[in-house]
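# Coordinates in review
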Amino acid sequence: MAKIYALVSLVVFVVWVWTLAQVLLTPDALVRRLPKVAWLVIVFFFPMLGTVGWYVFGRPETSARRTASPYERPASAFPEYDRPGRAAATDPDKDEEFLRQVRERAEEQRRRYEQSKKQPPPADDSSD
């Protein structure tokens, strides 16, 4: 019987510490019902009641989906583009202008490279 009591006590302690960490790491704006400091005090001084209360009344709702910024792409068929915060062009004219500049710069680099290949290497004047 003592082993079961010790195991239950250990589980309660781990859940209590986990709940304290969750209260501390949750942003103030997402905490429901009471201020974050009040939840911290309740969970700290009343471990069982505070833990249950936090998960029922104070914890942020998980169903709330993060809203995308105007610079993020909507859903994509390519998973590598689905990262939150990935910027995307919002103005097609500016996007086309940017791509035109990139192409011009790449073409200029190709021209310079081709010219450097055609020119003979400089002669070595160290023969005396």
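See the structure printed just above.
Report follows, based on the coordinates. (Residues numbered from 1 in each chain as written. Predicted model: local features only at pLDDT ≥ 70, side-chain atom pairs only at ≥ 80, totals over all residues. Heavy atoms only, no water.)

## Looking at the overall build of the chain
Within the chain, the secondary structure is distributed over 4 helices and 0 strands. Counting from the amino terminus, helix and strand elements in the chain follow one another as α-α-α-α. For the chain, the proportion of its 128 residues judged to be buried stands at 12%. Once local pairs closer than 6 in sequence are excluded, the contacts in the chain between residues at least 24 apart make up 37%. With an accessible surface of roughly 11200 Å², the chain has 63% of that area assigned to carbon and sulfur atoms. (Helix = DSSP H or I, 4+ residues; strand = E, 2+ residues; numbered from the N terminus. Buried < 20%, exposed > 50% of the residue type's maximum accessible area, 1.4 Å probe, protein only. Contact = heavy atoms within 4.5 Å. Areas by Shrake-Rupley, 256 points an atom, 1.4 Å probe, with all protein chains shown as cover.)

## Focus: the packing of aromatic side chains
Summed over the entire model, instances satisfying the criterion amount to 4 aromatic pairs. With 5.9 Å between their ring centres and 35° between their planes, Trp16 and Phe44 make a pair best called tilted. Remark: Phe44 occurs in helix α2 (residues 36–45) and Trp16 occurs in helix α1 (residues 2–25); sequence separation between them is 28 residues. The exposure class of Trp16 is buried, given its relative accessible area of 16%. Judged by relative accessible area, which is 44%, Phe44 ranks as partly exposed. Between Phe44 and Phe45 the ring centres are 5.2 Å apart and the planes differ by 85°, which places this aromatic pair in the edge-to-face class. (Phe/Tyr/Trp six-rings, centres within 6.5 Å; stacked < 30°, edge-to-face > 60°.)

## Considerations on the packing of α1 against helix α3 (residues 47–58)
Direction vectors running N to C along α1 and α3 enclose 50°, while the axes themselves pass 10 Å from each other. As judged from the angle between their axes, α1 and α3 are oblique. The hand of the α1/α3 crossing is left-handed. Contacts between α1 and α3 pair Val12, Val15, Trp16, Trp18, Thr19, Gln22 and Val23 from the former with Pro47, Met48, Thr51, Trp54 and Tyr55 from the latter. For the contact of α1 with α3, the class distribution of residues is 9 nonpolar, 3 polar and no charged. (Axes fitted to C-alpha atoms, helices over the stretch in contact; angles between N-to-C directions. Parallel < 35°, antiparallel > 145°, perpendicular 65-115°, else oblique. Left-handed = near helix turned anticlockwise from the far one by under 90°. Nonpolar A, V, L, I, M, F, W, Y, C, P; charged D, E, K, R; others polar.)

## Quick notes on the packing of α2 against α3
The contact between α2 and α3 brings their axes to 5 Å, and the two run at 145°. Facing α2, whose interface residues are Trp39, Ile42, Val43, Phe44 and Phe45, α3 presents Pro47, Gly50, Thr51, Gly53, Trp54, Phe57 and Gly58. Classifying every residue of the contact of α2 with α3 by side-chain character gives 8 nonpolar, 4 polar and no charged.

## Considerations on α1
Over its 24 residues, α1 extends 34 Å from the first C-alpha to the last, a length consistent with the 34 Å expected when each residue adds 1.5 Å. Considered for burial, the residues of α1 that qualify are Trp16, Thr19, Leu20 and Val23. Buried positions along α1 lie against α2 and α3. (Expected span 1.5 Å × (residues − 1).)

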